[in-house]
Amino acid sequence: MQRIGGLWRSQCCLVVSLGLMLSLGESALAQPKPIPQALPKVCTTVEPAREPAREPARETTSEPTSEPASTLAVGSKNPCDHALGTEPALSLSPPPASALALTHPRLAEMALAETESLPAANPAPEPAPEPTSAIENAPPEDAPPSSPSPIPNLDIDPQIIEDSPVLQRWLKEVPDVSTDITYDPAFRTRVRVGYTEFPSTDNTGGIQVGVQDVFVGRTPLTFSAEYAGNGRGDRTSFGIDAQYYLLPLGWYGNVAPVLGYHAIETSNTRTNGLNVGFRIILIPSRSGGADLSLTQSWVAPGSEAEVSLTTFAVGYAVSQDLRLGTEIQSQNTQQSRDSSVSILLEWLL
């Protein structure tokens, strides 16, 4: 009986022990597994060595050596991938030819050929388009001319504008300077009247009237007419002439041939006929402000009664339409020499 009781106790202890072990195993399985933390990356990625200049493959008689550790072949595993538990990365750069040349010369030549066939990492930028020339952007020839830009308002005293013909003209429209130089004369038409003295005829005095440079339209052709005589009636002069100016009318000087008719009477001679000569004019101030002129002509040239006329005139403006003038004239014939001096008041037209 004692033997049976001891056997039963042994079986009970074995059953209890097995049950305890099973319960401990189930509890251990039921506990959540701890999530492993990522290991710090201590390995550095080894960059592939830059490919040196292409050199012809050299055959070596030395025994083949192992590939350098710094070069990663295509499909090789990075040692750091094992530590991080990641998939191995593929290296896209082929092994340098210097490493392959030590082991497989033929493979080095193939690697160099593949490297040259690959596209450049940084392709050259496309050239910028050439700028369009000004001729291409120019308006067509048949395009209408653009209107001039309006003149801005000027902060000027109205009295100054009223007294200045130039400002009045520019405020109306912008003038064409080149056209003005050609067609706008630097001198103006003048109506003259004044006192004349004849020193060679007993210093007698008289009157002189006339008109100078009446323009025919916008042409360089002008007409002039003049009469002078003393109070006794023994000294008279009358003439009408045409001048054709050869230079642009807007210049500060001009030259013109003179052609007309003159009739001259003095105490010694009497002459009339064709008047031929030339005229030179200098214009220091435009638009009639001031001018000097010298006229040389011959009345009835080639005849016995030929008269040489030399006239020097100066005019100076004292207002916008009024100026003072002086004229000195010399009449030379084969028999005598006569002269006259005039002081004139001129109205500018």
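Residues numbered from 1 in each chain as written. Predicted model: local features only at pLDDT ≥ 70, side-chain atom pairs only at ≥ 80, totals over all residues. Heavy atoms only, no water.

J.: Sorry, what's going on with the overall build of the chain here?
T.: If you tally the helices and strands in the chain, you get 8 helices and 10 strands. The burial tally for the chain puts 28% of its 349 residues in the buried class. When contacts within the chain are restricted to residue pairs at least 6 apart in sequence, those whose partners lie at least 24 apart make up 44%. Put simply, the chain shows about 24,600 Å² of open surface, and 62% of that area lies on carbon and sulfur atoms. (Helix = DSSP H or I, 4+ residues; strand = E, 2+ residues; numbered from the N terminus. Buried < 20%, exposed > 50% of the residue type's maximum accessible area, 1.4 Å probe, protein only. Contact = heavy atoms within 4.5 Å. Areas by Shrake-Rupley, 256 points an atom, 1.4 Å probe, with all protein chains shown as cover.)

J.: Which parts of the structure should I look at to understand the side chain of T189?
T.: Checked against the element boundaries, T189 lands in the loop between α8 (177–183) and β1 (190–198). Within the structure, T189 has its side chain in polar contact with the backbone oxygen of D213 (distance 2.6 Å). If sequence neighbours within four positions are ignored, T189 has contacts with V211, Q212, D213, V214, F215, W347, L348 and L349. (Polar contact = N/O pair within 3.5 Å; in protein donor to acceptor, adjacent residues only side chain to side chain.)

J.: What am I meant to see in the sheet that holds strand β5 (residues 253–265) here?
T.: Note on sheets: strands pair through backbone hydrogen bonds, and any given pair is parallel or antiparallel. Pairing is antiparallel around the closed barrel formed by 10 strands, whose spatial order is β1-β2-β3-β4-β5-β6-β7-β8-β9-β10. The mean angle between the axes of side-by-side strands here comes to 20°, regardless of whether they run parallel or antiparallel. Pairing geometry for strand β3 (residues 221–230) and strand β4 (residues 236–244), over 9 bridges, is antiparallel. The residue bridging L221 from the neighbouring strand is Y244, located in β4. (Pairing = 2+ DSSP bridges. Axes fitted to C-alpha atoms, helices over the stretch in contact; angles between N-to-C directions.)

J.: Help me understand the pattern of salt bridges in this model?
T.: Between side chains of opposite charge, pairing is possible as soon as their charged atoms come close. By the definition in use, this model includes 11 salt bridges. Taking the shortest distance from any N to any O, the salt bridge between R192 and E226 comes out at 3.2 Å. Note that R192 is positioned in strand β1 and E226 in strand β3, a separation of 34 residues in sequence. Since its relative accessible area comes to 6%, R192 is described here as buried. Connected through shared salt-bridge partners, R192, E226, D291, R323, E327 and E346 make up one network. (Salt bridge = Lys/Arg side-chain N within 4 Å of Asp/Glu carboxyl O.)

J.: Explain the confidence of the model for the chain to me, please; I cannot follow it from the model alone.
T.: One rule of thumb: low pLDDT means the predicted coordinates there are not for detailed reading. With 59% of its residues at a pLDDT of 70 or more, the chain has an overall mean of 74. Below a pLDDT of 50 lies the segment residues 38–48, which in the model reaches 10 contacts outside its immediate sequence neighbourhood of four places, other chains included. Low pLDDT, under 50, characterises residues 55–92; the predicted model gives this stretch 34 contacts beyond four residues in sequence or across chains. (pLDDT = per-residue confidence, 0-100.)

J.: Would you mind showing me how to read the nonpolar core here?
T.: Counting 7 residues, the largest nonpolar core consists of A186, F187, Y245, L249, A256, I281 and I283. If sequence neighbours within four positions are ignored, I281 has contacts with F187, Y245, G253, N254, D291, L292 and S293. Core analysis: the second largest hydrophobic core is formed by 5 residues, V299, A300, V307 and L309 among them. (Core = buried A, V, L, I, M, F, W, Y, C linked by side-chain atoms within 4.5 Å.)

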